[in-house]
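# A look at the structure
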Amino acid sequence: MSYQLNEKIRGLTPYDPISGSYRIRLDANESFLDTAALLGDKVQQAVAKAALNRYPDPYAVRLVEKFSDYYHLDPQTVCAGNGSDELIGILVAAFMEKGDKLLTTAPDFSMYRFYASIYEDVNVIQQKNDALEIQVDALIDRCNREGAKMLVFSNPCNPTSLALKREEVLRLVKSVSALVVVDEAYMDFADSSLYSVLDCAGKEEYSNLVVLKTCSKALGCAGIRLGFTVSTLPVTNAVKAVKSPYNVNSVTQAIGEVLFGEPRLLDEGIRKLKDAREDLYRRILALQSRYPMILSVCRPQTNFVFLKIGAEDNGSSGAARLFQGLLDRSIAVRHMGDFLRISAGSPEENEALERAMDDILREMSC
Ligand SMILES: *Cc1c(COP(=O)(O)O)cnc(C)c1O
């Protein structure tokens with residue numbers, strides 16, 4: 001008898017980001033700045049000092065302290081993880097029971113739904129409005145009506161690039177009984193962080209709030225796999241209790257400690273990425289003024305731009321043609337239905353992208 005995969009994993013295929021080598025990569029919202037390389041010797045020395053025959057510190061205490069210093073948090077409210085992907089998995093695995101309802105919004109980051117399915121939760125999806133915004137009152141109502149055990153969404157949102165205001169998110173957190181996981185992967189590019197309500201481990205008011213953070217985007221360290229949860233003491237302790245003991249390896253801890261010890265470098269990197277985002281946004285708006293095929297462009301609060309492309313005269317997808325045309329010119333962006341999501345690159349990369357889009361859109365218009 002041959003072994004049969006169970007139903008929930010039978011149809012799955014391994015995660016497949018755009019593979020192959022492209023001259024310009026604007027598809028994964030990474031930073032175009034390699035922060036660890038900029039720190040050069042400091043990183044090399046820290047890694048050289050790590051005792052690799054020993055297990056790492058299970059709670060990454062020094063790293064968590066440095067992270068907490070940078071964001072003005074109480075270290076007792078923080079747990080480190082092997083990227084925020086791991087932490088999303090841990091939260092869904094541990095805080096939900098089989099058959100519980102996990103409420104997500106759409107469009108939003110796909111990993112939430114993925115973990116809901118792997119852990120056999122019921123995924124309830126609240127569709128955003130035509131402007132791609134979350135309607136807070138409708139979401140509160142849905143969450144309570146469905147009796148959802150967990151609500152998770154990204155703010156600012158991947159892929160829409162839009163953000164809810166801080167007061168709105170706090171109102172949401174206070175109005176539902178579910179555990180609310182706010183994924184602030186892109187919050188360094190906006191100004192609605194909920195960190196300040198979690199700055200002290202003893203606070204009870206937001207006992208159902210978890211904020212997620214990653215080093216993969218604004219901090220330019222996707223390769224080291226490092227993310228954090230920030231929540232109250234009971235929730236943080238539960239996360240620590242259920243994670244695998246040595247989830248953040250010694251090399252990552254060593255690099256992370258150096259990283260958060262360099263606040264000026266981090267601030268400067270974030271500023272450059274924001275400039276790059278504004279530059280890319282202006283270039284896309286300039287294209288839109290010449291090519292009505294670009295139907296709409298979201299005002300971004302992230303390091304990427306999300307735009308909707310119309311159909312061609314023969315009815316085929318303009319987004320698909322633009323995506324393929326860019327790939328043919330060795331520029332990778334993300335294609336999602338009628339939309340493209342384009343990460344902000346260096347000034348040279350943004351300029352090359354604009355020129356390539358101009359060429360392709362001109363071909364498409366005649
Ligand atoms: C990129 C991204 C992540 C992934 O973070 P890692 O720390 O690299 O696992 C999490 N959430 C959102 C919304 C993202 O866009």
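Look up a bit, the structure's there.
Residues numbered from 1 in each chain as written. Predicted model: local features only at pLDDT ≥ 70, side-chain atom pairs only at ≥ 80, totals over all residues. Heavy atoms only, no water.

### With respect to the overall build of the protein
Looking only at helices and strands, the protein features 13 helices and 13 strands. Taking 21 Å as the expected radius of gyration for a compact globule of 366 residues, we find that the protein reaches 21 Å, a close match to that expectation. Overall, the C-alpha framework of the protein stretches about 60 × 60 × 55 Å when taken along its three principal axes. Looking at the protein as a whole, 53% of its 366 residues are labelled buried. Considering only contacts in the protein between residues 6 or more positions apart, those separated by 24 or more positions represent 73%. Looking at charge distribution, the protein has the averaged site of its 42 positive side-chain charges lying 1 Å from that of its 49 negative ones. (Helix = DSSP H or I, 4+ residues; strand = E, 2+ residues; numbered from the N terminus. Rg over C-alpha atoms; globule rule 2.2 N^0.38 Å. Buried < 20%, exposed > 50% of the residue type's maximum accessible area, 1.4 Å probe, protein only. Contact = heavy atoms within 4.5 Å. Lys, Arg positive; Asp, Glu negative; His and termini not counted. Charge placed at Lys NZ, Arg CZ, Asp CG, Glu CD.)

### Here's the deal with the pattern of salt bridges
Counting across every chain of the model gives 25 salt bridges. With a closest N to O distance of 2.9 Å, Lys101 and Glu146 form a salt bridge. With Lys101 in strand β3 (residues 101-106) and Glu146 in helix α7 (residues 136-146), this pair connects stretches of sequence that are 45 residues apart. Residue classification places Lys101 among the partly exposed residues on the basis of a relative accessible area of 28%. (Salt bridge = Lys/Arg side-chain N within 4 Å of Asp/Glu carboxyl O.)

### A short note on the side chain of Asn29
Along the chain, Asn29 falls in the loop between β1 (24-25) and α2 (35-38). Polar contacts involving the side chain of Asn29 include one to the side chain of Ser343, which spans 2.8 Å. (Polar contact = N/O pair within 3.5 Å; in protein donor to acceptor, adjacent residues only side chain to side chain.)

### As for the nonpolar core
One finds Phe67, Phe153, Leu209, Phe228 and Phe260 to be the most contacted residues of the largest nonpolar core, which totals 60 residues. Aside from chain neighbours lying at most four places away, what touches Leu209 is Val173, Leu179, Val180, Val182, Leu194, Val197, Leu198, Val230, Ser231 and Thr232. Counting residues in hydrophobic clusters, the runner-up holds 32 residues, among them Leu280, Ile284, Leu327 and Val333. (Core = buried A, V, L, I, M, F, W, Y, C linked by side-chain atoms within 4.5 Å.)

### Let's talk about helix α5 (residues 83-95)
Taking 1.5 Å per residue as the helical rise, α5 with its 13 residues ought to reach 18 Å, and the 19 Å between its terminal C-alpha atoms agrees with that figure. Those residues of α5 that fall on the buried side of the exposure criterion are Gly83, Ser84, Glu86, Leu87, Ile88, Gly89, Ile90, Leu91 and Val92. (Expected span 1.5 Å × (residues − 1).)

### Thoughts on the environment of Ser346
Mapped onto the fold, Ser346 is located in the loop between β13 (339-343) and α13 (347-365). Put simply, Ser346 and Ser207 are 139 residues apart on the chain and 41 Å apart in space, counted from C-alpha to C-alpha.

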